[in-house]
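Breakdown of the fold
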Amino acid sequence: MKNPYEIEIPALDEAVMKEAWARQDALAKPPRSLGVLEEISVRFAGMTGKLYNDAKKRRILIFAADNGVVEEGVTSAPQSVTLAQTINFTRGLTGVAVLAKHYNTELKVVDVGINARFEQPGVIDRKIALGTRNLAKEPAMSREQALQALNTGYEMAAQAAADGVEILGIGEMGIGNTTTSSAILSCLLGLPAEATTGRGGGVNDAGFARKKEIIDSAIARWEPDPKDVVDVMTKVGGFDIAAMCGAFLGAAAHRLPVVIDGYISAVSALCAYRIRPESANYFFGSHISCERGYLLAMDEMKVKPMFQLEMRLGEGSGCPIAFEVIDGALSVLKNMATFDEARIDDGYLSEIRSDAHLQR
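Summarised in this report is the structure supplied together with it. By convention here, each chain's residues receive numbers from 1 onward along its written sequence. Totals for whole chains, interfaces and linings use all residues, but because this is a predicted model, local features are given only for residues with pLDDT of at least 70 and pairs of side-chain atoms are given and counted only at 80 or more. Values reported for side chains reflect all heavy atoms of the structure, with hydrogen atoms and water molecules removed beforehand.

This brings us to the side chain of Gln 145. The helix count covers DSSP runs of H or I at least four residues long, the strand count covers runs of E at least two residues long, and both are numbered beginning at the N terminus. Along the chain, Gln 145 turns up in helix α5 (residues 143-162). For Gln 145, the contacting residues outside a window of four places in its chain are Ile 128, Ala 129, Arg 133 and Phe 239. Two residues form a contact once any of their heavy atoms are found within 4.5 Å.

Ring geometry is summarised as follows: Phe, Tyr and Trp rings, the Trp one being its six-membered ring, pair when their centres sit within 6.5 Å, and such pairs are stacked at plane angles under 30 degrees, edge-to-face over 60 and tilted between the two. The final tally for this structure, using the stated rule, is two aromatic pairs. Note on Phe 44 and Phe 284: the rings are 6.2 Å apart at their centroids and 20 degrees apart in plane angle, and the pair reads as stacked. On the criterion of sequence distance, the pair formed by Phe 44 in helix α2 (residues 35-48) and Phe 284 in strand β6 (residues 283-285) is long-range, its members being 240 residues apart. Two conditions define a charge located above a ring, namely a distance within 6 Å from the ring centre to NZ of Lys or CZ of Arg, and an angle within 35 degrees of the ring normal. Taking the ring centre of Phe 284 as reference, the NZ or CZ of Arg 43 above it sits at 4.8 Å.

Here we take up the environment of Ile 241. Along the polypeptide, Ile 241 turns up in helix α10 (residues 239-253). C-alpha of Ile 241 to C-alpha of Glu 172: the two residues are 69 residues apart in sequence and 8.0 Å apart in space. Contact partners of Ile 241, with chain neighbours within four places excluded, come to Asn 177, Thr 180, Ser 181, Ile 184, Met 233, Ile 264 and Ser 268.

Residue count minus one, scaled by 1.5 Å, sets the expected span of a helix. Between its terminal C-alpha atoms helix α1 (residues 14-26) stretches 18 Å, which fits the 18 Å expected from 13 residues at 1.5 Å a residue. A 1.4 Å probe rolled over the protein chains alone gives each residue an accessible area, and that area as a share of the maximum for its type sets the label: buried under 20%, exposed over 50%, partly exposed in between. What α1 keeps buried is the set Val 16, Met 17, Ala 20, Trp 21, Arg 23 and Gln 24. Viewed end-on, α1 has its buried residues packed into an arc of 160 degrees, placing them on one side of the element. Turned more than 90 degrees away from the buried face of α1 sit Glu 14, Ala 15 and Lys 18, all of them exposed. Those residues of α1 that are buried lie in contact with α2 and α13 (319-335). Measuring from the side-chain oxygen of the N-cap residue of α1 to the backbone nitrogen of Ala 15 gives 3.1 Å; that N-cap residue is Asp 13. Working definition: the arc comes from the directions between the helix axis and the C-beta atoms, pointing outward to the latter. Here a polar contact is taken to be a pair of N or O atoms separated by no more than 3.5 Å, where protein atoms must pair a possible hydrogen donor with a possible acceptor and residues adjacent in sequence count only if both atoms sit in side chains.

Laid out in structure tokens, this is it:
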């Protein structure tokens with residue numbers, strides 16, 4: 001990957017989007033009656049440059065890494081869970097693995113920094129280090145490591161495009177990564193930890209207070225530059241988040257529609273957006289995460305989640321559900337009859353179509 005700030009992101013194909021809207025308006029239904037499904041199909045056409053699309057060849061990239069900040073007691077789960085769950089992804093035993101299988105979705109699991117030496121079939125070894133350093137005591141990583149993680153994510157997304165994947169999802173595994181996500185979000189938005197930080201996988205009141213204190217203290221101490229996302233990730237981020245950011249950039253650079261999962265995925269997408277704002281044209285939201293900072297990140301990118309299921313698992317678990325919704329939207333555009341094909345005179349809709357609230 002080149003300098004991330006110099007990645008070329010193609011513009012959406014406005015001509016094919018206009019064609020898609022014309023077909024939507026010709027389909028045998030009241031104007032805008034399929035709401036967001038119509039918008040999804042039109043945006044997807046603009047991303048790919050094709051009027052008719054499918055989202056049946058699906059892949060989720062899961063980036064796994066450990067975070068040194070867990071030494072500070074910011075999470076209730078032991079660090080060993082990162083390795084255990086990474087292996088369980090390949091065995092089909094985790095939440096996202098079960099959903100992925102149900103929704104015919106491929107998982108690619110990438111170790112970018114788990115704090116263990118191991119070999120496991122199905123885990124791609126792109127380890128940068130045995131976890132990041134403890135951001136409460138020193139910057140989390142070097143700039144070179146941050147760029148290496150970005151590059152890894154970019155390459156994994158580029159490979160997905162080369163493999164003919166039609167839609168991509170981005171997930172993670174890393175105990176302590178709601179702390180790093182909140183630190184990044186606080187820095188990028190200029191907000192205190194109180195505004196961005198939730199309890200993650202679960203922590204008691206004392207641990208929650210400590211978590212927020214560590215985030216504010218690290219930002220004050222290391223002074224990450226909010227105008228330089230790589231610097232922010234270097235000082236208070238994680239290998240997983242940097243790799244996910246690179247994957248979002250890689251998907252957009254290759255015209256590959258990509259789905260945001262929950263909080264950590266949203267913060268990673270925001271990093272990509274801050275590096276190359278055009279990349280957000282290729283993002284779809286999935287579920288509304290229960291984490292406090294989630295909507296702050298999504299609103300900044302102007303990306304809307306599709307559904308509220310009170311999910312907070314992470315792993316990319318919202319992506320397979322979103323894939324199914326998106327594929328349904330694409331099927332309507334491609335397969336639904338037009339008024340002419342249905343032999344219905346649509347003249348009765350002339351007045352309705354002129355209503356201001358139905359105008360795009």
